[in-house]
Amino acid sequence: MSDIAKAIAVLGITGVVLKAVLDRRNSTRGLPYPPGPKAKPVIGNMLDIPQSLPWLTYADWAKRYGDIMHITILGAHIIVINSVEIATELLEKRSGNYSSRPDIPVMHMNGWMMNMGLKGYNDEWRRDRRILHQRFRRDAAPSLYPIELAKTQELLLNLLETPNDFTTHFKTYPTSIMMYLLYGHQISAHDPLVEITYEALGMFSGSVVPGTLIVNVFPFLRHFPPWFPGLVALNELCARSRVLLGKMQDIPFYSVKKHMADEKAVPSWVSELLERTGDEAVPENNIKALGAITLAAAMETTLSALRAFIHMMVLHPDIQEKAQAELDAVVGDKRLPNFDDRESLPYIDALYREIMRLHGPAPLGVPHSSSEDDVFNGFFIPKGSTIMYNQWAMCRDERIYPDPEAFKPERFIDADGSLITENFPPTYGFGRRACAGKSMADNSVWIAIASILSVFRITKAKDSAGNIIEVPDEYIDGLVTAPVPFDCAMAPRTEAARKLITETPPLKLHSNPMYYDEKVHGPINP
Ligand code: HEM
């Protein structure tokens, strides 16, 4: 039975609750809602909500209804924005009203409510955001360069040894940067902590888009007993998610505390937060949650961007060559690129932007929510609306990106060969809730792209009979998208490139082992 079919079955026995929901509907002050597909009585647009790749449907609807649309599910209002102009007006200029998050009922069940990215626009969120800002703001980014450069070197070595495992190496890359930054810990291959984090993330990513899970459609179901028909599997999944999240937060946190107690801790973000006192002191639960959430926020998104990069390079060898010609001219073959080269490599930056434009990791961003009733262009937007912004559609806006389906880094380069700075594609969200780790994400994706292209040639793979394996041009569904699995071949461009990978002296980072006693605390991955 599908989620929708289950939802309709439950509907029959919950009329009373439904009435209460409908009674809370706002008056519209006589103004219309933004246009949208016609809503059915009671259920609204529940049956219209796309079940997969929703950004495609919303972009299609925009052709009929315009760049701001309204849909309802059981009286809950959803506004979908399809243009940068409207997103800027509402989410940035009116950010005081559009910086909250919708309550996603399943998150109360799966343990993810500790995530500041899901918190309402309140003091708790402000405090978390301020702490994150101190560490991840743009002018603090250079302090992360040594970690990013060291981890990029490891990435190149991993890709040289087992190029077919590029997805695994791209998972390891952001995770190893974050684990070092957060906890002063170097991860090992197939680190159990990394595996549980990805598993927990999968449970999160599948649960955010409204209407995808029965409990999000009928919030009262979360108070039903776990054995209630149709809810058993979900409750089991949520129980596992809670266990994994507990481990993700506790294991590295207590390891840092132990090393601090032994006076052997290498400085890390968590050790620094633990040392704060007085007004600056941060409660331990917050530190644990901030560690887990920044780790989680970095992992899937960076992985997605790097997989999209390889995907585009396989499909566009001419662009790969052009990027490599720039690297050869600026960096040469005697050293690897570093952050000082960035300004002299406009085509690499343009390439990074074009990857983010066509295949940004978060096509629908993360929904915001409105705190008060509002009026925009004569349309009524009720308090508590879920605001979805379709970055996928905005990145294909012909007014800003002519010939939008073409993969053309040149669109970000002006006639003088300089980088155009104004039209960075909207991929990191909007306003006060925009990605808190943007500058770090930007740097770690950029240096990985520049370094990989400087030493590897990326081509289509061949099967055992020597036939070329074609690459599907498809992307997966979810809060974070990525290309569907594909093969490629990755080999050093020259002998000098191979030597650069193997002989560049490794950048040394002092680290602490992860302290964890399975006999006392139970298995890491139960
Ligand atoms: C390519 C990589 C990344 C992309 C594309 C990305 C994208 C996004 C997007 C679209 C949002 C929602 C913004 C909004 O609601 O308007 C977001 C939120 C967030 N991101 Fe990122 N992100 C990336 C990497 C990172 C990294 C490396 C970190 C951590 C250091 C991070 C931390 C966060 C946090 C904490 C939030 C929640 C902010 C809040 O609710 O106040 N992200 N990100």
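Residues numbered from 1 in each chain as written. Predicted model: local features only at pLDDT ≥ 70, side-chain atom pairs only at ≥ 80, totals over all residues. Heavy atoms only, no water.

Some words on the coordination of the iron atom of the ligand
In plain terms, the rule: Metal donors were taken as nitrogen, oxygen and sulfur atoms no farther than 2.8 Å from the ion, or 3.2 Å where the ion is Na, K or Ca. Water is excluded, so coordination may look unfinished. To qualify as a helix, a DSSP run of H or I must reach at least 4 residues; to qualify as a strand, a run of E must reach at least 2; elements of each kind are numbered from the N terminus.
In this structure the iron atom of the ligand is ligated by exactly one protein donor, Cys 435 (SG), at 2.3 Å. If you trace the backbone, Cys 435 turns up in the loop between helix H16 (391-394) and helix H17 (438-455).

Concerning the site of the ligand
Selection rule: Residues are classed as near a molecule or strand on a simple rule: at least one heavy atom within 4 Å of it. N or O atoms closer than or at 3.5 Å make up a polar contact, with two conditions inside protein: a donor-capable atom paired with an acceptor-capable one, and, for residues adjacent in sequence, both atoms drawn from side chains. With a 1 Å grid laid over protein atoms only, a set of points is called a cavity when a 1.4 Å probe fits there but cannot get out and a pocket when it is open yet has protein on both sides within 12 Å along at least five of seven lines; lining residues have an atom within 4 Å of a point. Assignment to a cavity or pocket requires that more than half of a molecule's atoms be within 2 Å of the site's grid points. Gly counts as polar in this scheme, as do all residues outside two lists: the nonpolar Ala, Val, Leu, Ile, Met, Phe, Trp, Tyr, Cys and Pro, and the charged Asp, Glu, Lys and Arg.
Taken together, 28 residues surround the ligand, and among them Arg 101, Trp 125, Arg 129, His 368 and Cys 435 come closest. One nitrogen or oxygen atom from the side chain of Trp 125 is found 2.8 Å from an oxygen atom belonging to the ligand. In the environment of the ligand, an oxygen atom lies 2.9 Å from a nitrogen or oxygen atom belonging to the side chain of Tyr 389. For the ligand, the cavity whose grid points lie within 2 Å of the majority of its atoms is the largest cavity. Mapped by element, the contributors of at least two residues to the shell around the ligand are helix H6 (123-136) and helix H13 (284-315). Across the shell around the ligand, the residue classes break down as 16 nonpolar, 9 polar and 3 charged.

Things to note about the sheet that holds strand S2 (residues 76-81)
So the rule is basically this: Pairing between strands is defined by DSSP: at least two bridges between the two strands are required. Contact definition: two residues touch when any of their heavy atoms are within 4.5 Å. Helix axes are fitted only over the stretch in contact, all axes being lines through C-alpha atoms; the angle between N-to-C directions runs from 0 to 180 degrees.
Spatially, the 4 strands line up as an open sheet ordered S1-S2-S6-S3, and their pairing is mixed. Edge positions in the sheet fall to strand S1 (68-73) and strand S3 (368-369), since each has one partner strand and no second. Here S2 pairs with strand S6 (residues 386-389) via 4 bridges, running parallel. What sits directly across from Ile 81, in S6, is Tyr 389. Packed on one face of the sheet, helix H3 (residues 54-65) meets S1, S2 and S6 and runs near 115° to S1. Against the sheet, helix H4 (residues 84-93) engages S1, S2, S3 and S6, with an angle of about 130° to S2.

A closer look at the packing of aromatic side chains
Selection criterion: For Phe, Tyr and Trp, where Trp contributes only its six-membered ring, two rings pair if their centres lie within 6.5 Å, and the inter-plane angle classes them as stacked under 30 degrees, edge-to-face over 60, or tilted in between. Only protein chains enter the accessibility calculation, which uses a 1.4 Å probe; a residue whose area is less than 20% of its type maximum is buried, one above 50% is exposed, and one in between is partly exposed. Two thresholds decide whether a charge sits over a ring: the Lys NZ or Arg CZ must be within 6 Å of the ring centre and within 35 degrees of the ring normal.
Taken as a whole and judged by the stated rule, the model has 16 aromatic pairs. Plain terms: the ring middles of Phe 220 and Phe 224 are 6.0 Å apart, the flat faces sit at 50° to each other, and that makes the pair tilted. Exposure remark for Phe 220: the relative accessible area of 15% places this residue in the buried category. An aromatic cluster is present here, built from Phe 218, Phe 220, Phe 224 and Phe 228 joined pairwise through their rings. Its end group placed over the ring of Tyr 198, Lys 171 keeps NZ or CZ at 4.8 Å from the ring centre. Against the face of Phe 424 rests Lys 438, its NZ or CZ located 5.2 Å from the ring centre.

Some words on H6
Here is the rule: Multiplying 1.5 Å by the residue count of a helix minus one yields the expected span of that helix. This arc corresponds to the set of directions leading from the helix axis out to the C-beta atoms.
Here H6 is 14 residues long and its end C-alpha atoms lie 20 Å apart, about the 20 Å a rise of 1.5 Å per residue gives. Within H6, the full set of buried residues consists of Trp 125, Asp 128, Arg 129, Ile 131, Leu 132, Arg 135 and Phe 136. Viewed end-on, H6 has its buried residues packed into an arc of 160°, placing them on one side of the element. Residues of H6 that are exposed and angled more than 90 degrees away from the buried face: Asp 123 and Arg 130. Tucked inside the fold, the buried residues of H6 contact helix H8 (166-183), helix H12 (269-275), H13 and H17.

What about empty space enclosed by the protein?
It is a probe the size of a water molecule, rolled over the atoms, that shows where empty space is left. Defined as follows: Grid points are joined across faces, edges and corners, and a volume is the space filled by probe spheres set on the points.
The full count for this structure, using the stated rule, is 1 cavity of 30 Å³ or more. Taken as a whole, the largest cavity encloses approximately 910 Å³ of empty space. Along its surface, the largest cavity is lined by 46 residues, and Ala 297, Ala 298, Thr 301, Cys 435 and Ala 436 are the ones closest to its centre. Counting only elements with at least two residues in the lining of the largest cavity, the list comes to H6, H8, helix H9 (192-205), H13 and H17.

Description of the environment of Glu 195
Here Glu 195 lies in helix H9. Residue classification places Glu 195 among the partly exposed positions, given a relative accessible area of 40%. Sequence spacing of Glu 195 and Glu 284 is 89 residues, and the spatial spacing of their C-alpha atoms is 24 Å.

Observations regarding the pattern of salt bridges
Selection rule: Salt bridges are identified by distance alone: a Lys or Arg side-chain nitrogen within 4 Å of an Asp or Glu carboxyl oxygen.
In the structure shown here, the tally under the stated rule is 29 salt bridges. A salt bridge links Glu 405 to Arg 396; the nearest nitrogen and oxygen atoms lie 3.2 Å apart. Among the ionic contacts, a cluster of salt bridges with common partners joins Arg 342, Asp 349, Arg 353 and Asp 442.

Digging into the pairing of strand S8 (residues 489-492)
Here S8 shows a clear split, with Met 490 and Pro 492 buried on one side and none of Ala 489 and Ala 491 buried on the other. Two elements, strand S7 (residues 456-459) and S8, share 4 bridges in a ladder whose sense is antiparallel. Along S8, the bridge assignment pairs Arg 457 with Ala 491.

Remarks on the packing of H8 against H13
Helices that pack against each other are described as a pair by the angle of their axes relative to one another and the distance between those axes. Put simply, the rule reads: Orientation categories follow fixed angle ranges, with anything under 35 degrees roughly parallel, anything over 145 roughly antiparallel, 65 to 115 roughly perpendicular, and all other angles oblique. We call a crossing left-handed when the near helix sits turned anticlockwise from the far one by less than a right angle, and right-handed when that turn is clockwise.
With their axes 8 Å apart at the nearest point, H8 and H13 run at an angle of 150° to one another. On the basis of their axis angle, the class for H8 and H13 is roughly antiparallel. Like other packed secondary-structure pairs, H8 and H13 cross with a definite hand, here right-handed. Taken together, the residues of H13 that come into contact with H8 (itself represented by Phe 166, Thr 167, Phe 170, Lys 171, Tyr 173, Pro 174, Thr 175, Met 178, Met 179, Leu 182 and Tyr 183) are Gly 291, Ala 292, Thr 294, Leu 295, Ala 298, Met 299, Thr 302, Leu 303, Leu 306, Arg 307 and Ile 310. By residue class, the composition of the contact of H8 with H13 is 15 nonpolar, 5 polar and 2 charged.

Re the UniProt feature "binding site: heme" (unreviewed entry) in the chain
Put simply, the rule is: UniProt positions are given in the numbering used here, feature names are shortened, and annotations may be inferred rather than shown by experiment.
Within the UniProt annotation, "binding site: heme" (unreviewed entry) is assigned to Cys 435. Classification of Cys 435 by relative accessible area gives partly exposed; the value is 34%. With residues near it in sequence (within four places) discarded, Cys 435 still touches Arg 129 and Tyr 428.

Some details on unusual backbone geometry
Notably, Val 42 is not glycine yet its phi reads approximately 65°, a positive angle. Its location among the elements puts Val 42 in the loop between helix H2 (15-23) and H3. One non-glycine residue with positive phi stands out, namely Leu 74, at about 50°. With respect to the element layout, Leu 74 can be found in the loop between S1 and S2. Under the relative-accessibility criterion, Leu 74 is labelled buried at 5%.

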